[in-house]
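An overview of the molecular structure
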Amino acid sequence: MVSNHAITQYAKKMFLGKEVSRETIRQILAEIVVKGQRVCQRPSRDGCSNFEVKYKGLSVNASFEPDRVIVVTFLGDRTYRGWAREKEIKPRYPKSIRISEHNRYSRKQYNRKSNTA
């Protein structure tokens, strides 16, 4: 089973617009799950086993339930994912926020602080 969201994301991320029918996209996404390889586990809300599945450089997030497999979303190809990381994800998190509180102390200062407590 392929979700409508996955079909929409494929059309958006592969810059196809309306050139390719929804049925063709559905077949491509189903082929990724059938012939692809599980790369890593992904977060899941419903307790099912969600995995990133990759085939011919294209990745999907699929939910593996006992009686069926659902393509939840299309993650993109390597080029799109690299672009999204640089242009959309990194700008959301400035470097000042990425530095955690415990990294602000040197190891010596941190040990001195924990020994006095």
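So, here's what we can say about the structure. (Residues numbered from 1 in each chain as written. Predicted model: local features only at pLDDT ≥ 70, side-chain atom pairs only at ≥ 80, totals over all residues. Heavy atoms only, no water.)

**Things to note about the pairing of strand β4 (residues 69-77)**
Regular strands place side chains that alternate from one sheet face to the opposite one. Pairing geometry for strand β3 (residues 58-64) and β4, over seven bridges, is antiparallel. The residue of β4 that forms the bridge with Phe64 is Val69. The hairpin turn running from β3 into β4, its antiparallel successor, is four residues long. (Pairing = 2+ DSSP bridges. Helix = DSSP H or I, 4+ residues; strand = E, 2+ residues; numbered from the N terminus.)

**Topic: the sheet that holds strand β1 (residues 37-42)**
One open sheet accounts for four strands, arranged β1-β2-β3-β4; its pairing is antiparallel. The open sheet terminates on both sides in strands that have one partner only, identified here as β1 and β4. Between one strand and the next, the sheet's axes are offset by a mean angle of 30°, whatever the strand orientation. Sheet strands in contact with helix α1 (residues 4-13) are β3 and β4, and its direction is about 15° off that of β4. Packing of helix α2 (residues 22-35) onto the sheet brings it into contact with β1, β2 (49-55), β3 and β4, and relative to β3 it is tilted by some 75°. (Axes fitted to C-alpha atoms, helices over the stretch in contact; angles between N-to-C directions. Contact = heavy atoms within 4.5 Å.)

**Quick word on the pairing of β3**
Extensive coverage of β3 is indicated by the burial of seven of its seven residues. Going residue by residue along β3, you find Leu58, Val60, Ala62 and Phe64 tucked away on one face and Ser59, Asn61 and Ser63 tucked away on the opposite face as well. One ladder, built from seven bridges, connects β2 with β3; its direction is antiparallel. When the bridges of β3 are listed, Glu52 appears paired with Asn61. Adjacent in sequence and paired antiparallel, β2 and β3 are bridged by two residues, among which Lys56 carries a positive phi angle near 50°. (Buried < 20%, exposed > 50% of the residue type's maximum accessible area, 1.4 Å probe, protein only.)

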